[in-house]
Amino acid sequence: MSILRCPVCQEELNKTNKSYRCKKNHTFDMGKQGYVNLHMSNEKKSKNPGDDREMIVSRKNFLEKGYYKKISETLNEIIKKEIGDKSGINILDIGCGEGYYTNLLRDNLNDKNIDSHIIGIDISKDGIIHAARTYKEIEWVVASGSNLPIANESLDYVICMFSYIDPIEYKRVLKKGGKLITVSTGEYHLVEIKEVVYDKLKMDYYRPTQDILDGYNYKGLVNVRYKVDLEGGKDIKNLFDMTPYRWKSPKDGVERLLRLSQLKITVDVNIDIFEKN
Ligand SMILES: C[S@@+](CC[C@H](N)C(=O)[O-])C[C@H]1O[C@@H](n2cnc3c(N)ncnc32)[C@H](O)[C@@H]1O
């Protein structure tokens, strides 16, 4: 039984060869890379919502260098421990981008013979195209996190890494007792970039715990913090281009940063776990 739902009529959506179809015959053909676009044009607030191609490529090039691998390793350990000896686990990675973390999670669960079905959803078509082109064993879907084409109470885990959080919609698709795991940047994350780019250091950061209250029990926080040396100017640029600083930094500060050929950065992220009650 498929847990995907038709974005037109909400009936079950089943995969047949290279398309997805519901019993009312609404049909969605797969893109040649192996993904399905279930984001209806009347739902879109812009022509190409989500991260653009340049951000996606920068993120892909940066992540593939392994600088953030510890984040993935910690998250995967948490999930593996949570799953224990259960099988038939449904997992959604919402805002999965180009699928780096989604794929490492899948590899990890496979290595441990954990029977799971993983769906990666992003509102960025470029992100999903890159993910589907690279990682073939995951179900990749273009859709919005605030209107998921997923059945009620069908998921064991929703993972939301550095992305848009819609706690009400995620609650709808989680089973009772299912977990929402958010990964967000901590106070010291990339502080060295801020020091170079801004004249005055701003230490603001977001805690999802302030918004995810209703309908969830908070289960706790795992902080991942370490320092790592970036290997060269290209990696510094890729990192900068994949962050929101790209949109809101002073020109002279950006120039200062992009002149550097090495930089030690602090990685500081918070993994928060919420259980649907
Ligand atoms: C900072 S990136 C993180 C990507 C990936 N999770 C990672 O950590 O590498 C945020 C992602 O969320 C996606 N996104 C933003 N708003 C979204 C929404 N409303 N629904 C689904 N995805 C969204 C963006 O397109 C982008 O790929």
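Residues numbered from 1 in each chain as written. Predicted model: local features only at pLDDT ≥ 70, side-chain atom pairs only at ≥ 80, totals over all residues.

Let us now look at unusual backbone geometry. The phi angle at N25 is positive, at roughly 70°, despite the residue not being glycine. At F162, a residue that is not glycine, the phi angle is positive and equals roughly 55°.

All right, on to the nonpolar core then. L92, V141, V158 and L180 are the most contacted members of the largest nonpolar core, which has 67 residues in total. A per-element tally of this core places strand β8 (residues 155–161) first, with six residues. When residues are assigned to domains, this core turns out to be shared by domain 1 (1–30) and domain 2 (34–185 + 204–223 + 268–276), each giving three or more. Discounting residues that sit within four places of it in the chain, V141 has contacts with Y35, V36, L38, I119, I121, I128 and P149. (Core = buried A, V, L, I, M, F, W, Y, C linked by C-beta atoms within 7 Å. Buried ≥ 20, exposed ≤ 12 C-beta atoms within 10 Å, placed from the backbone. Helix = DSSP H or I, 4+ residues; strand = E, 2+ residues; numbered from the N terminus. Domains from an automatic or database assignment. Contact = placed C-beta atoms within 7 Å.)

Among the six residues in strand β5 (residues 89–94), five count as buried, and that is most of the element. When β5 meets strand β6 (residues 116–122), the two strands line up parallel, connected through six bridges. Bridge assignment links D93 to a residue of β6, and that residue is G120. Note on the crossover from β5 through helix α3 (residues 100–111) to β6: the handedness is right-handed. Sheet topology places β5 next to β8; four bridges connect them, and they run parallel. Each bridged residue has a counterpart across the sheet, and for I91 the counterpart in β8 is Y157. (Pairing = 2+ DSSP bridges. Right-handed = clockwise from strand over helix to strand, strands pointing away.)

Next up on the list: the site of the ligand. Lining the immediate environment of the ligand, one finds 19 residues, of which G50, G95, G97, S124 and G145 sit closest. Within the shell around the ligand, the residues separate by chemical class into seven nonpolar, nine polar and three charged. (Near = placed C-beta within 6 Å. Nonpolar A, V, L, I, M, F, W, Y, C, P; charged D, E, K, R; others polar.)

Attention shifts here to the domain arrangement of the protein. Examined at the domain level, the protein breaks down into domain 1 (1–30) and domain 2 (34–185 + 204–223 + 268–276). Relative placement of domain 1 and domain 2: their C-alpha centres are 22 Å apart. Counting from both sides, the interface comprises eight residues of domain 1 and, opposite them, 11 residues of domain 2. Its residues assigned to classes, the side of domain 1 that touches domain 2 shows seven nonpolar, no polar and one charged.

Glancing now at the sheet that holds strand β10 (residues 216–230). In spatial order, the strands read β4-β7-β6-β5-β8-β9-β11-β10; together these eight strands make up an open sheet with mixed pairing. The outermost strands of the open sheet, each flanked by one partner alone, are β4 (35–37) and β10. The mean angle between the axes of side-by-side strands here comes to 20°, regardless of whether they run parallel or antiparallel. Pairing of β10 with strand β11 (residues 263–276), which is carried by 14 bridges, proceeds in the antiparallel orientation. Residue pairing in the sheet places K227 in a bridge with T266 of β11. Each of β4, β6 and β7 (139–142) touches helix α4 (residues 125–134); the most contacted strand, β7, lies at about 165° to it. (Axes fitted to C-alpha atoms, helices over the stretch in contact; angles between N-to-C directions.)

Taken together, the three strands give an open sheet; going across it, the order is β1-β2-β3, and neighbouring strands pair in antiparallel fashion. Among the strands making up the open sheet, the edge pair consists of β1 (14–16) and β3 (27–29). Neighbour-to-neighbour, the strand axes of this sheet turn through a mean angle of 25°, independent of strand direction.

Turning to the environment of P7, a few remarks are in order. As for its placement among the helices and strands, P7 is situated in the segment before β1. Linking P7 and H26, residues 19 residues apart in sequence, is a C-alpha distance of 9.0 Å. P7 has contacts with L38, M40 and P149, leaving out every residue within four places of it along the chain.

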